[in-house]
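# Summary of the model geometry
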Amino acid sequence: MTDMTIKKINLLIPLFLLVINLIFSAFLIEELIDASEPNYGVTGFFTPIIGLISFIYIRKLAGKKMILLLRVLQLFNWIFIIFPIAVFIYGVIIMIGF
């Protein structure tokens, strides 16, 4: 008899990581609204790291059968990965003076 391993995804882990990313994104957005120089430092990169961890977790355990909630979480993960990096690149471009 063949050994079949069933991977089951725990939805609480991606949802918990989503909440953490929302909190870090709120700090980043608050820093962008502030008129002073950006000083979020290393904490600005927690969001893409946690987003990448959540993205890989969902991708590994969900496989090809993803429900709508997991697809929405993957969309948010892409946003959490791209947004802080785009803000950092935009800040560098502004500091250089293009």
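Reading the values: the criteria
- Residues numbered from 1 in each chain as written.
- Predicted model: local features only at pLDDT ≥ 70, side-chain atom pairs only at ≥ 80, totals over all residues.
- Heavy atoms only, no water.
- pLDDT = per-residue confidence, 0-100.
- Contact = heavy atoms within 4.5 Å.
- Axes fitted to C-alpha atoms, helices over the stretch in contact; angles between N-to-C directions.
- Helix = DSSP H or I, 4+ residues; strand = E, 2+ residues; numbered from the N terminus.
- Parallel < 35°, antiparallel > 145°, perpendicular 65-115°, else oblique.
- Left-handed = near helix turned anticlockwise from the far one by under 90°.
- Nonpolar A, V, L, I, M, F, W, Y, C, P; charged D, E, K, R; others polar.
- Core = buried A, V, L, I, M, F, W, Y, C linked by side-chain atoms within 4.5 Å.
- Buried < 20%, exposed > 50% of the residue type's maximum accessible area, 1.4 Å probe, protein only.
- Phe/Tyr/Trp six-rings, centres within 6.5 Å; stacked < 30°, edge-to-face > 60°.
- Patch = residues over 30% accessible without salt bridge, like charges linked within 9 Å, V, L, I, M, F, W, Y side chains within 5 Å.
- Areas by Shrake-Rupley, 256 points an atom, 1.4 Å probe, with all protein chains shown as cover.
- Salt bridge = Lys/Arg side-chain N within 4 Å of Asp/Glu carboxyl O.

## As for the confidence of the model for the protein chain
Scored by pLDDT, the protein chain has a mean of 81; 85% of the residues are at 70 or more. For the stretch residues 1-5, pLDDT sits under 50, and the model shows zero contacts to residues farther than four places along the chain or on other chains.

## Regarding the packing of helix 1 (residues 12-33) against helix 3 (residues 68-96)
Taken N-terminus to C-terminus, the directions of helix 1 and helix 3 make an angle of 30 degrees; their axes are 11 Å apart at the nearest point. Comparing their axes, helix 3 and helix 1 come out roughly parallel. Relative to helix 3, helix 1 is oriented so that their crossing is left-handed. Side by side, helix 1 and helix 3 meet where Pro14, Leu15, Leu18, Asn21, Leu22, Ser25, Leu28, Ile29 and Leu32 of the first sit next to Leu73, Phe76, Asn77, Phe80, Phe83, Pro84 and Val87 of the second. Per-class residue counts for the contact of helix 1 with helix 3 are 13 nonpolar, three polar and no charged.

## Some words on the environment of Asn21
Inspection of the secondary structure assignment puts Asn21 in helix 1. Along the chain, Asn21 and Phe76 lie 55 residues apart, while their C-alpha atoms are 9.2 Å from each other. Apart from residues lying up to four places away in sequence, Asn21 is in contact with Phe46, Thr47, Ile50, Gly51, Asn77 and Phe80.

## Here's the deal with the nonpolar core
In terms of nonpolar packing, the biggest core is built from seven residues, these being Ile9, Leu18, Ile58, Ala62, Leu70, Leu73 and Phe80. Listing elements by their share of this core, those giving two or more residues are helix 2 (46-62) and helix 3. Sorting elements by how many residues they give to this core places helix 3 first, with three residues. Setting aside anything within four residues of it in sequence, one finds Ile9 in contact with Tyr57, Ile58, Leu61, Ala62 and Leu70.

## Description of the packing of aromatic side chains
Centre distance and the angle of the planes are the two values used to describe a pair of aromatic rings. For the structure shown, the criterion picks out three aromatic pairs. On the basis of an interplanar angle of 20 degrees and a centroid distance of 6.2 Å, the ring pair of Phe76 and Phe80 is categorised as stacked. Of the two residues, Phe76 and Phe80 both sit in helix 3, four residues apart, roughly one turn of that helix.

## Examining a nonpolar patch on the surface
Taken together, Val42, Phe45, Phe46, Ile49, Ile53, Ile85, Phe88, Ile89, Val92, Ile93, Ile96 and Phe98 make up a surface patch of nonpolar side chains, about 1100 Å² in accessible area. Residue assignment for the nonpolar patch shows that the elements contributing at least two residues are helix 2 and helix 3. The leading source of residues in the nonpolar patch is helix 3, at six residues. Here Phe45 lies in the loop between helix 1 and helix 2. The exposure class of Phe45 is partly exposed, given its relative accessible area of 31%.

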